[in-house]
Amino acid sequence: MSQLHQRTASPPLVATLTLGCKLNQAETQQAARELQRRGCRTTDRPASADAFLINTCTITHVADRKARRLIRMAQRLSPDAPVIVTGCYAERDSDAVAQLGRVRVIGNQRKDAAAETVLEELDRRFGGPTATTTETLASAALNTAGRTRAFLKIQEGCDDVCAFCIVPHVRGRERALPIDDIVTQAQSLIDAGLQEIVLTGTQPGAYGRDRSDGASAAALIEALLSRTDAPRIRYSSIQPQDITPALLACWEDARLCRHVHLALQSGSDQVLRRMRRRYDASGFREAVERIRAAVPNVSITTDIIAGFPGETESDHRATVELMESVRFTDVHVFPYSPRPRTSASLLADDVPIQCKRERAAELRALGEAHRRAAIRDQVGAIHSILFESARAGLTDTYLPVRIEADLDLTNQIRSVRVERVDGDRLVGLLLG
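A brief structural summary. (Residues numbered from 1 in each chain as written. Predicted model: local features only at pLDDT ≥ 70, side-chain atom pairs only at ≥ 80, totals over all residues. Heavy atoms only, no water.)

### What to know about the overall build of the protein chain
Part 1 of the argument: What the protein chain contains, in helices and strands, is 14 helices and 19 strands.
Part 2 of the argument: For 432 residues, the compact-globule estimate of 2.2 N^0.38 gives 22 Å, and the protein chain sits close to it at 22 Å.
Part 3 of the argument: Across its three principal axes, the protein chain shows a C-alpha extent of roughly 65 × 60 × 45 Å.
Part 4 of the argument: Looking at the protein chain as a whole, 53% of its 432 residues qualify as buried.
Part 5 of the argument: Surface summary for the protein chain: the accessible area is close to 18,600 Å², and the carbon and sulfur share equals 49%. (Helix = DSSP H or I, 4+ residues; strand = E, 2+ residues; numbered from the N terminus. Rg over C-alpha atoms; globule rule 2.2 N^0.38 Å. Buried < 20%, exposed > 50% of the residue type's maximum accessible area, 1.4 Å probe, protein only. Areas by Shrake-Rupley, 256 points an atom, 1.4 Å probe, with all protein chains shown as cover.)

Given below as structure tokens:
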């Protein structure tokens, strides 16, 4: 095991930077905690640093471009600092990353060794290892200052292989962590002062289907609710086919946040079949109805792809109509772009770019109108707020709220009655 070289009175600073999904954020946070435990200071913002760990995404060509830009920024900020690059872009196109120069590339299969690799590069930069003192390790205990919630990986990989998605190629097949390990990690985060655990993975709704020990999403959440002191647990990314009565019953415990991210992608059955999704539009609507019946006042958010190959105007209208009937709290819309090594990349990309943009703009505008209406509907409601700063935080339904009292409520969960709307944010009155 590498130890840090005692180069100055101040421990080395490592910038741990993340692009992409909550799973990436969970993995970066885990690496940062290990670096802190080993005597480093960390920051999750671009800054001059002694080393950089950059966790990349490759879900779209825009994500690839952001990764390259972030790597170059790190190189400009600290020309002599080692830059370690991992994540899905590094896995998919390691040669392109290496061509940026002065980087060390780690694929997803070795991502668990990212913190150790950073320490090795720091040792190399500053002249070799020396013993880390007990005092240094003590001062580098898990630092949660400024944090209120943590992302916790419960599984990775995906067996579904949707036509548009590169993730199965860069993350591999599904691999779920044991329930006992997840419970132990969650409790350690709560013991460190965090108020909310966000469960994440490539396919978290399918948790446990690769295991033979009876693990399931419902069993995992039941274990977390019964065996940890977590004030809030957020389990939001689910697919319609993963909704079971046992899972829905978990929301009877108020500590499980009333927010479900249910990816739609398209409201057209023809497009869904070409996407190789495992549901149709009526199945999606049924899943929404079951969730809303079991979880009163739940917030449902979604993802939609505009302009998938072969999408007609009629297909697009089907998506609009489904959005109108469901009325999501928030919608993330992505114009389709082909990804190499996906089956969709073999299809004719026959929807003109301008048409994709126009359809995406219409869907975004509709989603924003529904979001504004959902926010207005909260006036008069009482919510439990996790304050992420002195006077602002999130409801368990993932809506932003602020209060106007001169208080510092950071990392507290308090009850607030919504008094009015200010832009896209609720303004509330602290109760008690």
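From this point, the narrative continues.
### Examining the environment of D422
Part 1 of the argument: Structurally, the position occupied by D422 is in strand β18 (residues 413-422).
Part 2 of the argument: For the pair D422 and I375, spaced 47 residues apart in sequence, the C-alpha to C-alpha distance is 9.8 Å.
Part 3 of the argument: Setting aside residues up to four positions removed in sequence, D422 forms contacts with R402 and V427.
Part 4 of the argument: A distance of 2.5 Å separates the side chain of D422 from the side chain of R402, its partner in a polar contact. (Contact = heavy atoms within 4.5 Å. Polar contact = N/O pair within 3.5 Å; in protein donor to acceptor, adjacent residues only side chain to side chain.)

### Focus: the sheet that holds strand β13 (residues 299-306)
Part 1 of the argument: The parallel open sheet is built from four strands, whose spatial order is β11-β12-β13-β14. Strands with a single pairing partner mark the edges of an open sheet, and in this sheet they are β11 (237-238) and β14 (330-335).
Part 2 of the argument: Both β11 and strand β12 (residues 259-262) contribute to a ladder of two bridges, which runs parallel. Within the sheet, the bridge partner assigned to I238 lies in β12 and is L262. (Pairing = 2+ DSSP bridges.)

### Thoughts on the packing of aromatic side chains
Part 1 of the argument: If you walk through the whole model with that rule in mind, you get three aromatic pairs.
Part 2 of the argument: Ring centres of F308 and Y336 lie 5.2 Å apart, and the angle between their planes is 75°; on these two criteria the pair is classed as edge-to-face. A residue pair is termed long-range when its members are at least 10 positions apart, and F308 in the loop between β13 and α13 (313-326) and Y336 in the loop between β14 and α14 (353-376) qualify at 28 residues. For the pair formed by F308 and Y336, the shared burial category is buried.
Part 3 of the argument: By the ring-pair criterion, three or more aromatic residues cluster together here, those being Y279, F284 and F328.
Part 4 of the argument: Between K22 and the ring centre of Y398, over which it is positioned, the NZ or CZ distance is 5.7 Å. (Phe/Tyr/Trp six-rings, centres within 6.5 Å; stacked < 30°, edge-to-face > 60°. Lys NZ or Arg CZ within 6 Å of the ring centre and 35° of its normal.)

### So, helix α5 (residues 114-126)
Part 1 of the argument: Across its 13 residues, α5 extends 19 Å between first and last C-alpha, which sits within 8% of the 18 Å expected from 1.5 Å per residue.
Part 2 of the argument: Counting buried positions over the 13 residues of α5 gives 10, a clear majority of the element.
Part 3 of the argument: When we look at burial in α5, the residues that qualify are A114, A115, E116, T117, V118, L119, E121, L122, D123 and F126.
Part 4 of the argument: The secondary structure elements touched by the buried residues of α5 are β1 (13-18), α1 (22-37), β3 (51-56), β4 (83-87) and β5 (103-105).
Part 5 of the argument: A positive backbone phi angle near 100° is found at G127, which sits one or two residues after α5. (Expected span 1.5 Å × (residues − 1).)

### Section: the pattern of salt bridges
Part 1 of the argument: Per the stated rule, a full pass over the model turns up 40 salt bridges.
Part 2 of the argument: The shortest N-O distance in the salt bridge between D64 and R92 comes to 2.7 Å. Linking D64 in helix α2 (residues 61-77) with R92 in helix α3 (residues 88-92), this pair joins segments that are 28 residues apart in sequence. Assigned by exposure class, D64 and R92 land together as buried.
Part 3 of the argument: The salt bridge partner of E174 is R209, with a shortest N-O separation of 2.6 Å. (Salt bridge = Lys/Arg side-chain N within 4 Å of Asp/Glu carboxyl O.)

### Details of the environment of T302
Part 1 of the argument: Among the secondary structure elements, T302 is positioned in strand β13.
Part 2 of the argument: The exposure class of T302 is buried, given its relative accessible area of 0%.
Part 3 of the argument: With 65 residues separating them in the primary sequence, T302 and S237 have C-alpha atoms 9.1 Å apart.
Part 4 of the argument: Once residues lying within four places of it in the same chain are set aside, the contact partners of T302 are H261, L262, A263, L264, F284, F328, D330, V331 and H332.
Part 5 of the argument: Engagement of the side chain of T302 in a polar contact is seen with the backbone oxygen of L262, the distance being 2.6 Å.
Part 6 of the argument: At a separation of 2.9 Å, a polar atom in the side chain of T302 contacts the main-chain amide nitrogen of L264.

### Some details on the side chain of K356
Part 1 of the argument: On the secondary structure map, K356 appears in helix α14.
Part 2 of the argument: For K356, the contacting residues outside a window of four places in its chain are A306, G307, P335, Y336, D349 and V351.

### Quick notes on helix α9 (residues 217-227)
Part 1 of the argument: Residues A217, A218, L220, I221, A223, L224 and L225 constitute the buried set of α9.
Part 2 of the argument: Buried residues belonging to α9 abut α8 (179-191), β9 (196-200), β10 (232-234) and α10 (245-249).

### Notes on the sheet that holds β3
In sheet architecture, strand pairing relies on hydrogen bonds along the backbone and comes in two forms, parallel and antiparallel.
Part 1 of the argument: Taken in spatial order, the five strands of this open sheet run β2-β1-β3-β4-β5, and their pairing is parallel. With partners counted over all chains shown, the strands left at the sheet margins are β2 (41-43) and β5, one partner each. Sheet twist, expressed as the average angle between the axes of neighbouring strands with direction ignored, equals 25°. (Axes fitted to C-alpha atoms, helices over the stretch in contact; angles between N-to-C directions.)

### Considering the packing of α8 against α9
Part 1 of the argument: Packing of α8 against α9 leaves a shortest axis separation of 10 Å and a crossing angle of 40°. Considering their axes alone, α8 and α9 lie oblique with respect to each other. The crossing of α8 and α9 is right-handed. Within the contact between the two elements, α8 uses I179, D180, I182, V183, A186 and Q187 and α9 uses A219, L220, A223, L224 and R227. (Parallel < 35°, antiparallel > 145°, perpendicular 65-115°, else oblique. Left-handed = near helix turned anticlockwise from the far one by under 90°.)

### Observations concerning the packing of helix α12 (residues 281-294) against α13
Part 1 of the argument: Where α12 meets α13, the closest approach of the two axes is 11 Å, and the angle between their N-to-C directions is 10°. Comparing their axes, α13 and α12 come out roughly parallel. Where α12 crosses over α13, the handedness of that crossing is right-handed. Touching A281, F284, R285, V288 and R292 of α12 are E321, L322, S325 and V326, all from α13.

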